[in-house]
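Breakdown of the fold
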Amino acid sequence: MNLEEKERIFSNLSMTGTEMFQLMNDLFPICRSITGNGVRKSFELIKNYLDVELFEVASGTKVNDWTIPKEWNITDAYVIDPDGNKIIDFKSSNLHVVNYSIPVKKKLSLEELKPHLHSIPEQPELIPYKTSYYKEDWGFCLSHNQLLNLKDGDYEVCIDSSLENGALTYGEYFIQGITDQEIILSCYICHPSLCNDNLSGVVITTLLAKILCNVNCHYSYRFLFIPETIGAITWLHQNKQNLEKIKHGLVVTCAGDSGILTYKKTRHGNTEIDKAVQNTLRFSGNDYSIEEFFPWGSDERQFCSPGYNLPFGSLMRTRYGKYNVYHTSGDNTDFVKKPFLIDTFSKYISVLFTLENNRFYKNLYPDGEPQLKKRNLLNPIYTLLWILNFSDGENSLLDISDKSNIPFEEIITATNELIQAKLLEEITDVGNKKPDKKF
Ligand code: ZN
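A brief report on the enclosed structure follows. (Residues numbered from 1 in each chain as written. Predicted model: local features only at pLDDT ≥ 70, side-chain atom pairs only at ≥ 80, totals over all residues. Heavy atoms only, no water.)

Right, let's get into the packing of aromatic side chains. Per the stated rule, a full pass over the model turns up 17 aromatic pairs. Seen in terms of ring centroids, Tyr 173 and Phe 223 are 6.4 Å apart; in terms of plane orientation they differ by 45°. Their pairing is tilted. Of this pair, Tyr 173 sits in strand E10 (residues 167-175) while Phe 223 sits in strand E12 (residues 220-226), placing them 50 residues apart in sequence. Phe 223 matches Tyr 173 in its accessibility class, with the two residues each being buried. A ring pair is formed by Phe 303 and Phe 312, whose centres lie 4.0 Å apart and whose planes are at 10°; its orientation type is stacked. Pair check on accessibility: Phe 303 and Phe 312 agree, each one buried. (Phe/Tyr/Trp six-rings, centres within 6.5 Å; stacked < 30°, edge-to-face > 60°. Helix = DSSP H or I, 4+ residues; strand = E, 2+ residues; numbered from the N terminus. Buried < 20%, exposed > 50% of the residue type's maximum accessible area, 1.4 Å probe, protein only.)

Next up, the structure:
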């Protein structure tokens, strides 16, 4: 990705935002889970933008310490009150059913029903999002206000679901770059009608893939659309033999709310991806927040587990668990706004541009400064001197941007001029020089 390609992407951001917002709205009504037809239906919509390759892993397959669960599907669910009114209806919001609920059809009293009802007393208007993936159970979620108004008597409950041997579905999209070394962008596709967590991640990942297809990429890119946790563990298990190709990774989540950008570092904490994201945020002119790695959260937990210890960070806006409508019906298509999706998307492009162009160079005139005046160079002398002085094989262009406080793009422009003037030469064999050579 060169500067012109980056500028072309930036000049089309408004159209990209429209596509992301459209896809998010189309995906929103679908009842997804960690397995089942909701995920497959979501891929049908994503395929309008991107030819994702789908993988199905059979129920019962062992993946590390886990087993692929039975496949869950649901067509309907409701509760009818003693007066015959349908008071909870899956068709009005799929959050009303505890995700992975076993089939149920029976009459029971309010007292018997209550242990199966979930609400949030502190947020009485909102429906909570609950799951029961690995414990066979059933339940309904409703607003606390609605719960308080339930009258005594017999209720009819129906959950028309199935839990049977099937498969876990995940998707992958691959772009071959100049090198086989890979950058992974991973999102999860298991949440039902919830937007910031995580349709925002799905649509940003989809459009990044769609747009990078038309760019000359240095790295190869792999985009993962997986159910959270079990999907990441499955993917890592299935791809053991290829993990050493992974150079950088980011988990894309909670990317469309109005909060500032947040970067959660890799477990290692000081890899090239950590530096690239922090450099982008630092020069963005916006407020941002940096968090050290912690072993809970999204799929970075799996990628950064000690056995793999891959360089995965997560670039988001307000982190999961920190915004008040997190995992509730308030995380809807009104909560996520197009300008924030566009802003997050542009930050991802800037990070990828930095990774794509970060190299080590050798100053060809290291004995004293080369005489710059006689060469009629156009870039500021200040920038040229920074690059020449630190192009010693120990510092990458990103390191020089950090040290000099000069934006990475300006470093690239000046570097290109120094190469043209035959003052700088790329070091291609930097294996032992990189501070994070492990990756
Ligand atoms: Zn979530």
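A word on the side chain of Ser 396. Turning to its location among the elements, Ser 396 is positioned in strand E18 (residues 392-396). Note on Ser 396: relative accessible area 3%, which makes it buried. For Ser 396, the side chain forms a polar contact with the side chain of Asn 358, separated by 3.2 Å. The contact partners of Ser 396, leaving out residues within four places of it in the chain, are Asn 358, Arg 359 and Phe 360. (Polar contact = N/O pair within 3.5 Å; in protein donor to acceptor, adjacent residues only side chain to side chain. Contact = heavy atoms within 4.5 Å.)

Time to look at the coordination of the zinc ion. Taken together, His 191 (NE2), Asp 197 (OD) and His 327 (NE2) make up the protein donors of the zinc ion, found 2.1 Å from the metal. Look at where the donors of the zinc ion fall in the sequence and you get H-x5-D-x129-H. In this pair, His 191 sits in the loop between strand E11 (182-188) and helix H6 (195-212) while His 327 sits in the loop between strand E16 (312-316) and helix H10 (338-357), placing the two residues 136 residues apart along the sequence. A relative accessible area of 5% places His 191 in the buried class. (Donors = N, O, S within 2.8 Å, 3.2 Å for Na, K, Ca; no water.)

This next bit is on the pattern of salt bridges. Taken as a whole and judged by the stated rule, the model has 22 salt bridges. Two residues, Glu 409 and Lys 6, come together in a salt bridge whose shortest N-O distance is 2.4 Å. Of the two residues, Glu 409 sits in helix H13 (residues 408-420) while Lys 6 sits in helix H1 (residues 3-11), which places them 403 residues apart along the sequence. The class of Lys 6 is buried, set by a relative accessible area of 9%. Between Arg 319 and Glu 291 there is a salt bridge; the shortest N-O distance is 3.0 Å. You can see Arg 319 sitting in the loop between E16 and H10 and its partner Glu 291 sitting in strand E15 (residues 288-291), a full 28 residues away along the chain. Both residues of the pair, Arg 319 and Glu 291, count as buried. Several salt bridges share partner residues, and in doing so they unite Arg 40, Glu 56 and Glu 71 into one network. (Salt bridge = Lys/Arg side-chain N within 4 Å of Asp/Glu carboxyl O.)

Mapped onto the elements, Asp 197 comes out in helix H6. By relative accessible area, Asp 197 is classed as buried at 1%. In sequence terms Asp 197 and Gly 321 are 124 residues apart; their C-alpha atoms lie 9.8 Å from each other. Setting aside residues no more than four positions away along its own chain, Asp 197 makes contact with Tyr 188, His 191, Thr 253, Cys 254, Tyr 323, Tyr 326, His 327 and Asp 331. A polar atom in the side chain of Asp 197 sits 3.2 Å from the side chain of His 191. A polar contact of 2.8 Å, which involves the side chain of Asp 197, links it to the side chain of His 327.

Take the sheet that holds strand E4 (residues 71-80) next. Judged by pairing direction, the sheet is antiparallel, and its four strands sit side by side in the order E5-E4-E9-E6 without closing on themselves. Looking at which strands have only one partner, the edges of the open sheet turn out to be strand E5 (86-89) and strand E6 (104-109). For this sheet, the mean angle separating the axes of adjacent strands, direction not counted, is 20°. In this sheet, E5 lies alongside E4 in antiparallel orientation, the contact comprising three bridges. By the bridge assignment, Tyr 78 is partnered in E5 with Asp 89. (Pairing = 2+ DSSP bridges. Axes fitted to C-alpha atoms, helices over the stretch in contact; angles between N-to-C directions.)

Moving on to helix H2 (residues 13-27). Taking 1.5 Å of rise per residue, 15 residues should cover 21 Å, and H2 covers 21 Å from first to last C-alpha, within 8% of that figure. Looking at H2, one finds that the buried residues are Leu 13, Thr 16, Gly 17, Met 20, Leu 23, Met 24 and Leu 27. For H2, the angular spread of the buried residues around the axis is 135°, confining them to a single face. Every exposed residue of H2 that faces more than 90 degrees away from the buried side is listed here: Ser 14 and Met 15. The elements touched by buried residues of H2 are H1, helix H3 (37-46), H6 and H10. (Expected span 1.5 Å × (residues − 1). Arc of directions from axis to C-beta.)

In contact at an axis separation of 10 Å, helix H11 (residues 381-390) and helix H12 (residues 397-404) are set at 125° when each is read in the N-to-C sense. Relative to H12, the element H11 lies oblique. In terms of crossing hand, the pair formed by H11 and H12 is right-handed. Contact with H11, carried on its side by Tyr 382, Trp 386, Ile 387 and Phe 390, involves Ile 400, Lys 403 and Ser 404 of H12 and no other residues of that element. Partitioning the contact of H11 with H12 into residue classes produces five nonpolar, one polar and one charged. (Parallel < 35°, antiparallel > 145°, perpendicular 65-115°, else oblique. Left-handed = near helix turned anticlockwise from the far one by under 90°. Nonpolar A, V, L, I, M, F, W, Y, C, P; charged D, E, K, R; others polar.)

Counting 75 residues, the largest nonpolar core has Tyr 221, Phe 223, Phe 225 and Phe 345 as the members making the most contacts within it. At 10 residues, H6 tops the list of elements feeding residues into this core. Here this core spans two domains, since at least three of its residues come from each of domain 1 (3-68 + 167-357) and domain 3 (360-427). In this structure Phe 225 touches Phe 43, Ile 46, Leu 50, Val 52, Tyr 170, Gly 171, Cys 187, Ile 189, Val 202, Thr 205 and Thr 206, once residues within four positions along its chain are discounted. With 53 residues, the next largest nonpolar core counts Cys 31, Val 57, Leu 110 and Ile 246 among its residues. (Core = buried A, V, L, I, M, F, W, Y, C linked by side-chain atoms within 4.5 Å. Domains from an automatic or database assignment.)

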